[in-house]
Amino acid sequence: QVQLAESGGGLVQPGGSLRLSCAASGFMFSIFAMGWYRQAPGKQREMVAGISGGGKTNYADSMKGRFTISRDNAKNTVYLQMNSLKPEDTAIYYCNARYSVGGDSAYEYWGQGTQVTVSS
């Protein structure tokens, strides 16, 4: 059974930091690209950061320099270190796992999400 379990969300003041974790099970973690997405109230879900099975990373422009994605294949876990948080970073953060099998076909899984609130 595939599971993606996010943790580490919470309430933080502007300028603060949080580290999100996503523990994966039920699939071959090391070959999947992993990503973090977020969805704020009234807005569409957006990509935050991604990391390939080999460790190549990419970020949404607004997160570059503030957020860092990493993975530990031995622990089947992906992390998102978030620094210099702003109120506009408030959202539910979702973990994503994706493995493309060619064309438009892919295995894709989502976690349940963890709430991040940035407020004074």
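Before any of the text, the structure's been laid out above.
Calculation notes
Residues numbered from 1 in each chain as written. Predicted model: local features only at pLDDT ≥ 70, side-chain atom pairs only at ≥ 80, totals over all residues. Heavy atoms only, no water. Phe/Tyr/Trp six-rings, centres within 6.5 Å; stacked < 30°, edge-to-face > 60°. Helix = DSSP H or I, 4+ residues; strand = E, 2+ residues; numbered from the N terminus. Buried < 20%, exposed > 50% of the residue type's maximum accessible area, 1.4 Å probe, protein only. Lys NZ or Arg CZ within 6 Å of the ring centre and 35° of its normal. Core = buried A, V, L, I, M, F, W, Y, C linked by side-chain atoms within 4.5 Å. Pairing = 2+ DSSP bridges. Axes fitted to C-alpha atoms, helices over the stretch in contact; angles between N-to-C directions.

Considering the packing of aromatic side chains
Going through the model one piece at a time under the given rule, you end up with six aromatic pairs. Measuring from centroid to centroid gives 5.0 Å for Tyr 37 and Trp 110, while their planes differ by 65°, and the two rings are edge-to-face. Here Trp 110 lies in strand E10 (residues 105-110) and Tyr 37 lies in strand E4 (residues 33-39), a separation of 73 residues in the sequence. Judged by its relative accessible area of 35%, Trp 110 falls in the partly exposed class. Each member of the aromatic cluster is reached from another via a ring pair, and the members are Phe 27, Phe 29, Phe 32, Tyr 99 and Tyr 109. Directly above the ring of Tyr 94 sits Arg 45, whose terminal nitrogen or CZ lies 3.8 Å from the centroid. A cation over an aromatic ring shows up here: Arg 45 above the ring of Trp 110, its NZ or CZ 4.6 Å from the ring centre.

Observations concerning the nonpolar core
Of all hydrophobic cores here, the largest spans 30 residues; its most connected members are Met 34, Trp 36, Val 78, Leu 80, Met 82 and Tyr 93. Mapped by element, the contributors of at least two residues to this core are strand E3 (18-25), E4, strand E5 (46-51), strand E7 (67-72), strand E8 (77-82), strand E9 (91-102) and strand E11 (114-118).

Regarding the sheet that holds E3
Ordered by their spatial adjacency, four strands build an open sheet running E1-E3-E8-E7, and the pairing between neighbours is antiparallel. With partners counted over all chains shown, the strands left at the sheet margins are strand E1 (3-7) and E7, one partner each. Ignoring which end each strand starts from, the neighbouring axes of this sheet average 15° apart. The pairing of E7 with E8 spans six bridges and is antiparallel. Paired with Arg 71 across the strands is Val 78, a residue of E8.

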